[in-house]
Amino acid sequence: NAFQLRCGRHLLDLSFPRVMGVLNVTPDSFSDGGQHVALDDALRHAERMLAEGAAIIDVGGESTRPGALPVSPQEELDRVAPVVEALVRELDALVSVDTSCPAVMREAGELGAGMINDVRALEREGALLAAAGSGLPVCLMHRQGEPQNMQQAPSYQQPVEEVVADYLARRVAACEAAGLRRNRLLIDPGFGFGKSVEHNLRLLKYMQSLQTLALPLLVGMSRKSMIGKVLGRPVEERLPGGLALTAMAVERGANILRVHDVAATVDAVNMTWAVLQEGGEPPLH
Ligand SMILES: Nc1nc2[nH]c(SCC(=O)O)nc2c(=O)[nH]1
């Protein structure tokens, strides 16, 4: 895909797969006195992921894990703003802000972030306008339900069609209707968001069908329960399973891999890419 994304000051070349490193903004450390230490830790962690080959650092202020409770816009801003500002100022990083909150989306653009990553695909009141106004690219992710209920009884008749042809196509159309052009959109099947293990496995197996939307494809499977349930591995032992999923996702057209373990993922991407390109210089380093 000859996708090129204008991400604020950065131009993101998607002619080969890119790695997005996950930066956890642990809520407690950013609201109370631990701000300074936590900010240094975050910067060092981001610096390491960039050095290992991450093209993007994903910063999220709201936990969207199953059962997570919603946070207030102010709370989310307090967690995210200092980190985004520091990443841009100190590391000139391409930062994506993982948020569903219009106020955070507006602020993200002001702080120099390069991308909005919304697990609710701009469905929140005001999010479409805020994202459109930010001028930034936006990742539209599929989910069924909300963190508090999405894993109770996820059900689909035709999972892949419902995620792609129905939901994501509709969200893309809604964005275009609001003046958010296609060349600023990315799509994401949302592994683990209101899906059973079988739904997740099927979505990956048939993921090339998302290419009908002809948009950059972002995927996030790193350390998720689909690995834990198949392999019986705890969170800290899911990297090998995650690398297998990364290889399969790259082979099925993923453009951005959202992961915690950047160095290992860079090798998996480069190895997969070498096969697909039948050799040549590995694109990531
Ligand atoms: N675009 C996108 N954003 C995400 N944010 C999270 S948070 C849950 C976790 O990392 O376990 N997952 C995803 C994902 O799959 N795609």
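Up top is the structure these notes are about.
Values in this document were obtained by computation on a predicted structure and should not be read as measured data.

About the cut-offs
Residues numbered from 1 in each chain as written. Predicted model: local features only at pLDDT ≥ 70, side-chain atom pairs only at ≥ 80, totals over all residues. Heavy atoms only, no water. Near = heavy atom within 4 Å. Polar contact = N/O pair within 3.5 Å; in protein donor to acceptor, adjacent residues only side chain to side chain. Areas by Shrake-Rupley, 256 points an atom, 1.4 Å probe, with all protein chains shown as cover. Nonpolar A, V, L, I, M, F, W, Y, C, P; charged D, E, K, R; others polar. Pairing = 2+ DSSP bridges. Helix = DSSP H or I, 4+ residues; strand = E, 2+ residues; numbered from the N terminus. Contact = heavy atoms within 4.5 Å. Axes fitted to C-alpha atoms, helices over the stretch in contact; angles between N-to-C directions. Buried < 20%, exposed > 50% of the residue type's maximum accessible area, 1.4 Å probe, protein only. Expected span 1.5 Å × (residues − 1). Patch = residues over 30% accessible without salt bridge, like charges linked within 9 Å, V, L, I, M, F, W, Y side chains within 5 Å. Salt bridge = Lys/Arg side-chain N within 4 Å of Asp/Glu carboxyl O.

## As for the site of the ligand
Thinking step 1. Taken together, 13 residues lie near the ligand, and R65, N117, D188, K224 and R258 sit nearest.
Thinking step 2. Within the contact set of the ligand, an oxygen atom lies 2.7 Å away from a side-chain nitrogen or oxygen of K224.
Thinking step 3. Taken by itself the ligand offers 390 Å² of open surface, and the protein chains cover 93% of this.
Thinking step 4. Residue composition of the shell around the ligand, grouped by class: five nonpolar, three polar and five charged.

## Points about the sheet that holds strand 7 (residues 138-141)
Thinking step 1. Spatially, the eight strands line up as an open sheet ordered 8-7-6-5-4-3-10-9, and their pairing is parallel. Each end of this open sheet is capped by a strand with a single partner; those strands are strand 8 (185-188) and strand 9 (218-219).
Thinking step 2. Sheet topology note: the strand 9/strand 10 (residues 256-259) ladder contains two bridges and is parallel. Bridging from a neighbouring strand, L218 pairs with I256 of strand 10.
Thinking step 3. Contacts between helix 6 (residues 159-177) and the sheet are confined to strand 7 and strand 8, with strand 7 contributing the most and set at about 145 degrees to the helix.

## Some thoughts on unusual backbone geometry
Thinking step 1. One non-glycine residue, D92, adopts positive backbone phi at about 50 degrees.
Thinking step 2. In the Ramachandran plot, R223 falls in the positive-phi region, its phi being about 60 degrees despite a non-glycine side chain.
Thinking step 3. With respect to the secondary-structure elements, R223 resides in the loop between strand 9 and helix 8 (225-231).
Thinking step 4. Look at R223 and you get partly exposed, because its relative accessible area is 30%.

## A closer look at helix 6
Thinking step 1. The end-to-end C-alpha distance of helix 6 is 26 Å, a good match for the 27 Å that 19 residues give at a rise of 1.5 Å each.
Thinking step 2. Just past helix 6, the residue G179 takes up positive phi, approximately 90 degrees.

## So, the environment of V104
Thinking step 1. As for its placement among the helices and strands, V104 is situated in helix 4 (residues 102-110).
Thinking step 2. If sequence neighbours within four positions are ignored, V104 has contacts with P73, E76, L77, V97 and T99.

## Remarks on the environment of D118
Thinking step 1. Structurally, the position occupied by D118 is in strand 6 (residues 115-118).
Thinking step 2. Assessed through its relative accessible area of 0%, D118 is described here as buried.
Thinking step 3. Those residues in contact with D118, other than ones at most four positions away along the chain, are T99, S100, M105, E123, C139, L140 and M141.
Thinking step 4. A distance of 2.8 Å separates a polar atom in the side chain of D118 from the backbone nitrogen of R120.

## Examining a nonpolar patch on the surface
Thinking step 1. Together, L201, V230 and L231 line one region of the surface with nonpolar side chains, adding up to about 250 Å² of accessible area.
Thinking step 2. On the secondary structure map, V230 appears in helix 8.

So yeah, pure geometry; function would need other evidence.
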